[in-house]
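Each chain is listed here by its residues.
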Amino acid sequence: EKTPSAMALRSVTSFSLGGASALSDRAVDALAELLHDAQTVDLRGCPLLTEEALRSFRKACRCLRSVSIVTRDRTLTWTASTSGVKKHHHRKSGLPTSGSSG
């Protein structure tokens, strides 16, 4: 039996939360399940969270475009690649790369 509040969260497309100092990875896992249609997620002041929280959102939210989680000592971010995989090649040589594979 889903509660009305849980059902309401399913249609949320943008979710932002601040100062959730007691929020754990396990809590986020449950939250991500509820935020079914979330496209952008922004969590700040969540010192307990790890990459696991990031994974939870990626796994549960099918329409997800970007996630930002500010923990105690770092910021975890993930952004969906819009046009395939962006590859960044930083070559200092000015030679033309014709016929090179990879």
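It should be noted that the structure appears before, not after, this text.
Values in this document were obtained by computation on a predicted structure and should not be read as measured data.

> Looking at this structure, I do not really get the environment of T40. What am I missing?
Structurally, T40 is set in strand β2 (residues 40-44). Between the C-alpha atom of T40 and that of V12, which follows or precedes it by 28 residues, the distance is 9.5 Å. When residues no more than four places from it in sequence are discounted, the contact partners of T40 are T13, S14, F15 and S66. Within the structure, T40 has its side chain in polar contact with the side chain of S14 (distance 3.1 Å).

> Help me understand the sheet that holds strand β3 (residues 66-70) in this model?
Here we have four strands laid out as an open sheet, ordered β1-β2-β3-β4, and mixed in their pairing. Bordering the open sheet on either side are β1 (14-18) and β4 (75-79), each of which pairs with just one other strand. Adjacent strand axes in the sheet meet at a mean angle of 0°, parallel and antiparallel pairs treated alike. Relative to β3, β2 is paired through four bridges, and the arrangement is parallel. When the bridges of β3 are listed, T40 appears paired with S66.

> Which parts of the structure should I look at to understand the side chain of D42?
Along the polypeptide, D42 turns up in strand β2. Once you skip the residues sitting within four places of it in the chain, D42 turns out to touch F15, S16, L17 and S68.

Criteria and cut-off values
- Sequence order sets the numbering: in each chain, residues are counted from 1 along the sequence as written.
- In keeping with the model being predicted, local features are shown solely for residues with a pLDDT of at least 70 and side-chain atom pairs are shown and tallied solely at 80 or more, while totals for entire chains, interfaces and linings include all residues.
- Excluded from the side-chain calculations are hydrogens and water; all other atoms, namely the structure's heavy atoms, are used.
- Runs of H or I in DSSP of at least four residues are treated as helices and runs of E of at least two as strands, each being numbered from the N terminus.
- For this analysis, residues touch if any pair of their heavy atoms sits within 4.5 Å.
- Counted as a polar contact is a pair of N or O atoms within 3.5 Å, where, for protein atoms, one must be capable of donating a hydrogen and the other of accepting one, and residues adjacent in sequence contribute only when both atoms are in side chains.
- A pair of strands is labelled paired if DSSP reports no fewer than 2 bridges between them.
- Orientation is described by axes fitted as lines to C-alpha atoms, over the contacting stretch for helices, and by angles from 0 to 180 degrees between their N-to-C directions.

Remember that the coordinates give geometry; whether it matters functionally is a separate question.
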